Amino acid sequence: NVPKTITSDQSIAGQLSVKVPLKLEILPDAQITTDPTLATQKDAEETVSEEIEDIILFIGYDNKFEFGTAVTVLMSQDTLDFDNGTADVLVDSMLIPSGVAGLDSLNLNDDRLGLFNQDSMYVRATIDVLSQTSSDTVSIYNTDTLHLNLYGRFQMLVDPAKQD
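Residues numbered from 1 in each chain as written. Predicted model: local features only at pLDDT ≥ 70, side-chain atom pairs only at ≥ 80, totals over all residues. Heavy atoms only, no water.

**Q** Where do I start with the nonpolar core in this structure?
**A** One broad rule of soluble globular proteins: the nonpolar side chains tend to lie buried together. Core analysis: the largest hydrophobic core is formed by 17 residues, its most contacted members being Val73, Leu90 and Val91. Looking at this core, the elements with two or more residues in it are strand 4 (52-63), strand 5 (67-76), strand 6 (88-96), strand 7 (101-108) and strand 8 (121-131). The contacts of Leu90, once residues within four sequence positions are left out, are Val73, Leu74, Met75, Leu108, Arg112, Leu115 and Phe116. (Core = buried A, V, L, I, M, F, W, Y, C linked by side-chain atoms within 4.5 Å. Buried < 20%, exposed > 50% of the residue type's maximum accessible area, 1.4 Å probe, protein only. Helix = DSSP H or I, 4+ residues; strand = E, 2+ residues; numbered from the N terminus. Contact = heavy atoms within 4.5 Å.)

**Q** It is not clear to me how the pattern of salt bridges should be interpreted in this structure. Could you clarify?
**A** Working definition: two side chains of opposite charge can pair if their charged atoms are close together. On inspection of all chains with the given rule, the structure shows two salt bridges. Where Asp62 meets Lys64, a salt bridge forms, and the shortest distance between an N and an O atom there is 3.6 Å. With a relative accessible area of 24%, Asp62 lands in the partly exposed category. In this structure, Asp83 engages Arg124 in a salt bridge whose closest nitrogen and oxygen atoms are separated by 3.3 Å. Residue Asp83 is located in helix 1 (residues 80-84), and its partner Arg124 is located in strand 8; the two are separated by 41 residues in the primary sequence. (Salt bridge = Lys/Arg side-chain N within 4 Å of Asp/Glu carboxyl O.)

**Q** Please explain the confidence of the model for the protein chain as it appears in this structure.
**A** Low-pLDDT stretches of the model should not have their predicted coordinates read in fine detail. Confidence in the prediction of the protein chain, expressed as mean pLDDT, is 79, and 79% of residues score 70 or more. Averaged pLDDT values for the elements of the protein chain fall to 76 in helix 2 (residues 110-114) and rise to 93 in helix 1. (pLDDT = per-residue confidence, 0-100.)

**Q** Sorry, what's going on with the layout of surface pockets here?
**A** By rolling a water-sized probe across the atoms, one finds the places where empty space is left. Roughly 200 Å³ of volume is contained in the largest pocket. For the largest pocket, the full set of lining residues is Leu57, Ile59, Thr69, Val71, Val73, Val91, Met94, Ile96, Leu106, Leu146, Leu148 and Leu150. Listed by contribution, the elements that provide at least two residues to the lining of the largest pocket are strand 4, strand 5, strand 6 and strand 10 (146-156). For the lining of the largest pocket, a count of residues per class yields 11 nonpolar, one polar and no charged. (1 Å grid on protein atoms, 1.4 Å probe; cavity = no way out; pocket = protein on both sides within 12 Å on 5 of 7 lines; lining within 4 Å. Points joined across faces, edges and corners; volume = space filled by probe spheres on them. Nonpolar A, V, L, I, M, F, W, Y, C, P; charged D, E, K, R; others polar.)

Next comes the structure, spelled out in structure tokens:
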């Protein structure tokens, strides 16, 4: 074995990987708010048909987090309405408890469906963290999951005399 030397024009490269579990801590009763997103374009040709009277959206969930959530979804043509409290409510505080699998539903009636037929409608979701403990923080681990399964039922008025 002859010792080797490295001169100034040579280099050694390597890669080091360290894998550790991720733990994120947030304050209990924290609120996560999404940025407003344009849901319907101005002068959009795609609208919700007037024949649709009712949609029931079913939400199957399996929450493996150690905290629950309350989800609220608002809609408005003006993004300032989200901050001043005048936005229309699409989903009002849907509760998803911690460590629970379950099924919930939302009834999208004429009033709520009509929101989708207005020009330039923005949507914003607010997610309230509901702590199950009195500790100062809520932990989120990279192994925690929340699975959602969405499906729906439509109720329509079908008029056979109408040709279009």
